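The primary structure of each chain is shown beneath.
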Amino acid sequence: MPSRNTLAASLICRLKASLIAYEQQGMASILADWPQLDNFIDRPVKLLMGDRQVKGIERGIDEHGALLLEVEGNITPYLGGEISLRRDD
């Protein structure tokens, strides 16, 4: 098991590389890895936006970072100031 310092150094180096890639390529640098990191992808969720609630299947993010939600076969991007995503059990 690595020491805390080794782990911290590794995380910092990866974060720095990711930030540089984002600065140079924008969201394209994130999109390829997103499906492996997204805990909600292809799962039933509910999207909370103030008093409004939308249930559907989460389909990842688009090139603008908007959440993609499939509802009744239609995929809609959601990008907003305050939205919250929850499992829909």
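Before reading further, recall that the structure is shown in the block above.
Residues numbered from 1 in each chain as written. Predicted model: local features only at pLDDT ≥ 70, side-chain atom pairs only at ≥ 80, totals over all residues. Heavy atoms only, no water.

## Describing the sheet that holds strand 1 (residues 44–49)
Applicable threshold: Whether two strands pair comes down to DSSP finding at least two bridges between them. Think of it this way: any DSSP run of H or I at least four residues long counts as a helix, any run of E at least two long counts as a strand, and we number them from the N terminus. For helices, the axis comes from a line fit to the C-alpha atoms of the stretch in contact; other axes are also lines fit to C-alpha atoms, and the angle between any two N-to-C directions lies between 0 and 180 degrees.
Reading across the sheet, the 5 strands line up as 4-3-2-1-5 and stay open at both edges, with antiparallel pairing between neighbours. Strand pairing shows two members of the sheet lacking a second neighbour, strand 4 (74–78) and strand 5 (84–87), which therefore form its edges. Across the sheet, the axes of successive neighbouring strands diverge by a mean angle of 45 degrees, strand direction being ignored. With 6 bridges connecting them, strand 1 and strand 2 (residues 52–61) associate as antiparallel partners. When the bridges of strand 2 are listed, V45 appears paired with G56.

## A short note on the pairing of strand 1
Spelled out, the test is: Buried means the residue's accessible area, taken with a 1.4 Å probe over protein chains only, is under 20% of the maximum for its type, while exposed means over 50%, and partly exposed covers the values in between.
Covered by surrounding structure in strand 1 are V45, L47 and M49 only, the residues P44, K46 and L48 on the alternate face being uncovered. Turn length for the strand 1-strand 2 hairpin, with the two strands adjacent in sequence and antiparallel, is 2 residues, and the turn residue G50 shows positive phi of about 65 degrees. Pairing analysis gives 4 bridges linking strand 1 to strand 5, with the strands arranged antiparallel. By the bridge assignment for strand 5, V45 is matched with R87.

## Some thoughts on helix 1 (residues 4–25)
The test is simple: Expected helix span is given by 1.5 Å per residue-to-residue step, counting one fewer step than there are residues.
Compared with the 32 Å implied by 1.5 Å per residue over 22 residues, the 31 Å span of helix 1 between its first and last C-alpha is a close match. Counted residue by residue, helix 1 has 0 buried out of 22 residues, so it is predominantly exposed. Following helix 1 by one or two positions, G26 adopts a phi angle in the positive range, close to 70 degrees.

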